[in-house]
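Structure assessment
Here is what each chain is made of, one letter per residue.
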Amino acid sequence: MNQEFRTGIGFDVHAFADNRKLIIGGVEIPFEKGLAGHSDADVLLHAISDALLGALALGDIGKHFPDDDPKFKDADSGFLLSEVYKIVEGKGYATMNVDAVIMLQRPKIAPYVDEMRKKIADLLKADIDRISIKATTTERLGFTGREEGIAAMATVLLIKA
């Protein structure tokens, strides 16, 4: 049987901001700052969304959910990811796996990784064992090391359903 696979990569970054909740992977994480952005600024879900769209050569989330559109102001990135996944399904694909890394100095997110994996698995209609999330510091180098913000990168593999 000839299966068609597609792979995509996504990257996102947001600066820290006062008076915002910190949401990563659809999970609220207690911290003194959140991330600046038009939506809830969930860098991980944005990176995964871009990877999914990229796998199908459909642009990025900014194309589908413009940051100058008031209806997406403070939008839940989980909702945006679910909308992206409807597009993926509409093209006849399903998630084989997601592999993601979050780059940040603080806060420590290890206690929240399994909850993030479950949330993402649910949004992508995938088994949790197909969702990998890792975190790393940048050894105090660059904007993440100076605690100015957070970055995330994700790769996805899609299969024609």
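Definitions and cut-offs
Residues numbered from 1 in each chain as written. Predicted model: local features only at pLDDT ≥ 70, side-chain atom pairs only at ≥ 80, totals over all residues. Heavy atoms only, no water. Helix = DSSP H or I, 4+ residues; strand = E, 2+ residues; numbered from the N terminus. Rg over C-alpha atoms; globule rule 2.2 N^0.38 Å. Contact = heavy atoms within 4.5 Å. Lys, Arg positive; Asp, Glu negative; His and termini not counted. Charge placed at Lys NZ, Arg CZ, Asp CG, Glu CD. Phe/Tyr/Trp six-rings, centres within 6.5 Å; stacked < 30°, edge-to-face > 60°. Polar contact = N/O pair within 3.5 Å; in protein donor to acceptor, adjacent residues only side chain to side chain. Core = buried A, V, L, I, M, F, W, Y, C linked by side-chain atoms within 4.5 Å. Buried < 20%, exposed > 50% of the residue type's maximum accessible area, 1.4 Å probe, protein only. Axes fitted to C-alpha atoms, helices over the stretch in contact; angles between N-to-C directions. Left-handed = near helix turned anticlockwise from the far one by under 90°. Nonpolar A, V, L, I, M, F, W, Y, C, P; charged D, E, K, R; others polar. Patch = residues over 30% accessible without salt bridge, like charges linked within 9 Å, V, L, I, M, F, W, Y side chains within 5 Å. Areas by Shrake-Rupley, 256 points an atom, 1.4 Å probe, with all protein chains shown as cover. Salt bridge = Lys/Arg side-chain N within 4 Å of Asp/Glu carboxyl O.

What about the overall build of the protein?
The helix and strand tally for the protein stands at five helices and seven strands. Each helix and strand of the protein, ordered N terminal to C terminal, gives the series β-β-β-β-α-α-α-β-α-β-α-β. By the compact-globule yardstick of 15 Å for 161 residues, the protein fits well, its C-alpha radius of gyration being 15 Å. Dimensions along the principal axes, computed over C-alpha positions, put the protein at roughly 50 × 35 × 25 Å. Put simply, of all contacts in the protein between residues at least 6 apart along the chain, 72% involve residues at least 24 apart. A gap of 2 Å separates the mean positions of the 20 positive and 25 negative side-chain charges of the protein.

Thoughts on the packing of aromatic side chains
Evaluation of the coordinates by the stated rule reveals one aromatic pair. Between Phe16 and Phe31 the ring centres are 5.6 Å apart and the planes differ by 40°, which places this aromatic pair in the tilted class. Of this pair, Phe16 sits in strand S1 (residues 5-17) while Phe31 sits in the loop between strand S3 (27-28) and strand S4 (34-35), and the two are 15 residues apart along the sequence.

Concerning the environment of Arg130
Within the secondary structure, Arg130 sits in the loop between helix H4 (113-123) and strand S6 (131-136). In this structure, the C-alpha to C-alpha distance between Arg130 and Leu52, residues 78 residues apart in sequence, is 14 Å. Contact partners of Arg130, with chain neighbours within four places excluded, come to Thr95, Met96, Asn97 and Val98. Engagement of the side chain of Arg130 in a polar contact is seen with the backbone oxygen of Met96, the distance being 2.9 Å.

Some remarks on the nonpolar core
Among the nonpolar cores identified, the biggest contains 47 residues, and Leu44, Leu52 and Leu124 are the most heavily contacted of them. Where this core is concerned, the elements lending two or more residues are helix H1 (43-55), helix H3 (77-90), strand S5 (93-103), H4, S6 and strand S7 (149-160). Element by element, the count of residues in this core is highest for H1, at nine residues. Apart from the residues within four sequence positions on either side, Leu52 is in contact with Leu81, Val84, Tyr85, Val88, Leu124, Val156 and Leu158.

Quick look at the packing of H1 against H4
It is the contact of H1 with H4, at a shortest axis distance of 12 Å, that shows an interaxial angle of 35°. Relative to H4, H1 is oriented so that their crossing is right-handed. Counted together, Leu44, Leu45 and Ile48 of H1 and Met116, Ile120 and Leu123 of H4 form the full contact between these two elements. Of the residues belonging to the contact of H1 with H4, the class tally is six nonpolar, no polar and no charged.

Remarks on a nonpolar patch on the surface
Taken together, the side chains of Ile9, Phe11, Val13, Phe143 and Met153 make up a nonpolar region of the molecular surface, amounting to roughly 420 Å² of accessible area. Looking at which element gives the most residues to the nonpolar patch, the answer is S1, with three residues.

From the geometry alone we can't say anything about function, so treat these as descriptive.
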